[in-house]
Amino acid sequence: MATHILLIEDNTRTAQLLKMDLADEGYQVSMAHDGLSGLALANRICPDLVLLDWRLPYLSGLEICDKLRRLGHTFPIMFLTAMTDNEHRASGLAVGANDYVIKPFDPDALLAKIRNYFQSSDLTVA
């Protein structure tokens, strides 16, 4: 079974480009474009990784991350956000995010980071 990544991103262009890059790497990708549907989808599918924007309609990425951790989910969560200050980074990590990547990001570097994460956690792309 392919490694499953959930991308929660409200910018359609960013989401589509990232989805194509992830699919080209062999990942199965599900997408949500707002906080409420992203939270529901994460609860339903329990992905191997969540890529999460901070600013989303209905629920922020911070709220989603906090809720997922309070529900006991342990899958890794990586923020992909334009929030560059240390206060936001610290807040995201404090509620349980595993990583914090600032937009705009280099797609190749992000894919390498994801690949390395899965290799170090013994999850592989099928």
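Everything below is about the structure printed above this text.
Since the structure is predicted, the reported quantities are computational estimates derived from the model, not experimental observations.

Enquirer: Help me out: how do you make sense of the nonpolar core in this one?
Expert: Taken as a class, soluble globular proteins show a tendency for nonpolar side chains to be buried jointly. Counting 20 residues, the largest nonpolar core has Ile8, Val50, Leu52, Ile64, Leu68, Ile77 and Phe79 as its most contacted members. For this core, the elements supplying multiple residues, two or more each, are strand 1 (4–8), helix 2 (35–45), strand 3 (49–52), helix 3 (61–70) and strand 4 (77–81). For isoleucine 64, the residues in contact, after removing those within four places along its chain, are Ile8, Gly35, Leu39, Leu52, Leu56 and Leu59. Residues Leu7, Tyr27, Val29 and Met78 belong to the second largest nonpolar core, which totals 17 residues.

Enquirer: Please clarify how the layout of surface pockets should be interpreted in this entry.
Expert: Approximately 160 Å³ is the volume attributed to the largest pocket. In terms of lining residues, the largest pocket is bounded by Thr14, Leu17, Leu18, Asp21, Lys103, Pro104, Phe105 and Pro107. Per-element tally for the lining of the largest pocket: the top contributor is helix 1 (residues 12–24), with four residues. Here the residues of the lining of the largest pocket sort into five nonpolar, one polar and two charged.

Enquirer: I tried to follow the pattern of salt bridges on my own but got confused; where do I start?
Expert: Working definition: two side chains of opposite charge can pair if their charged atoms are close together. Evaluated as defined, the whole model comprises five salt bridges. Where glutamate 25 meets arginine 115, a salt bridge forms, and the shortest distance between an N and an O atom there is 3.0 Å. Of the two residues, glutamate 25 sits in the loop between helix 1 and strand 2 (28–32) while arginine 115 sits in helix 5 (residues 107–120), which places them 90 residues apart along the sequence. The class of glutamate 25 is partly exposed, set by a relative accessible area of 31%. When the shortest N-O distance is used, the salt bridge between lysine 103 and aspartate 53 registers 3.4 Å. On the criterion of sequence distance, the pair formed by lysine 103 in the loop between strand 5 (99–102) and helix 5 and aspartate 53 in the loop between strand 3 and helix 3 is long-range, its members being 50 residues apart. In this structure aspartate 53 comes out as buried when scored by relative accessible area, which is 6%. Among the ionic contacts, a cluster of salt bridges with common partners joins Glu9, Asp53 and Lys103.

Enquirer: Help me understand the packing of aromatic side chains, please; the structure alone is not making it clear to me.
Expert: Two descriptors summarise a pair of aromatic rings, namely the distance from one centre to the other and the angle between the planes of the rings. Following the criterion strictly, the structure yields five aromatic pairs and no others. With centroids separated by 6.0 Å and ring planes inclined at 50°, the aromatic side chains of phenylalanine 79 and tyrosine 100 adopt a geometry described as tilted. Placement of the pair is phenylalanine 79 in strand 4 and tyrosine 100 in strand 5, with a sequence separation of 21 residues. Tyrosine 100 sits in the buried class, given a relative accessible area of 5%. Both rings, one in tyrosine 117 and one in phenylalanine 118, keep their centres 5.7 Å apart while their planes meet at 70°; by these two values the pair is edge-to-face. Its relative accessible area of 2% is what places phenylalanine 118 among the buried residues. Aromatic ring contacts, followed pair by pair, group Tyr27, Tyr117 and Phe118 into a single cluster.

Enquirer: So what exactly am I meant to see when it comes to the sheet that holds strand 3 here?
Expert: Working definition: the strands of a sheet are paired by backbone hydrogen bonds and lie parallel or antiparallel to each other. With parallel pairing, the five strands of this open sheet are ordered in space as 2-1-3-4-5. Strands at the two margins of the open sheet, each flanked by one partner only, are strand 2 and strand 5. The average angle at which neighbouring strand axes cross in this sheet is 20°, direction not considered. The sheet contact formed by strand 1 and strand 2 spans five bridges and is parallel.

What counts and how
Residues numbered from 1 in each chain as written. Predicted model: local features only at pLDDT ≥ 70, side-chain atom pairs only at ≥ 80, totals over all residues. Heavy atoms only, no water. Core = buried A, V, L, I, M, F, W, Y, C linked by side-chain atoms within 4.5 Å. Buried < 20%, exposed > 50% of the residue type's maximum accessible area, 1.4 Å probe, protein only. Helix = DSSP H or I, 4+ residues; strand = E, 2+ residues; numbered from the N terminus. Contact = heavy atoms within 4.5 Å. 1 Å grid on protein atoms, 1.4 Å probe; cavity = no way out; pocket = protein on both sides within 12 Å on 5 of 7 lines; lining within 4 Å. Points joined across faces, edges and corners; volume = space filled by probe spheres on them. Nonpolar A, V, L, I, M, F, W, Y, C, P; charged D, E, K, R; others polar. Salt bridge = Lys/Arg side-chain N within 4 Å of Asp/Glu carboxyl O. Phe/Tyr/Trp six-rings, centres within 6.5 Å; stacked < 30°, edge-to-face > 60°. Pairing = 2+ DSSP bridges. Axes fitted to C-alpha atoms, helices over the stretch in contact; angles between N-to-C directions.

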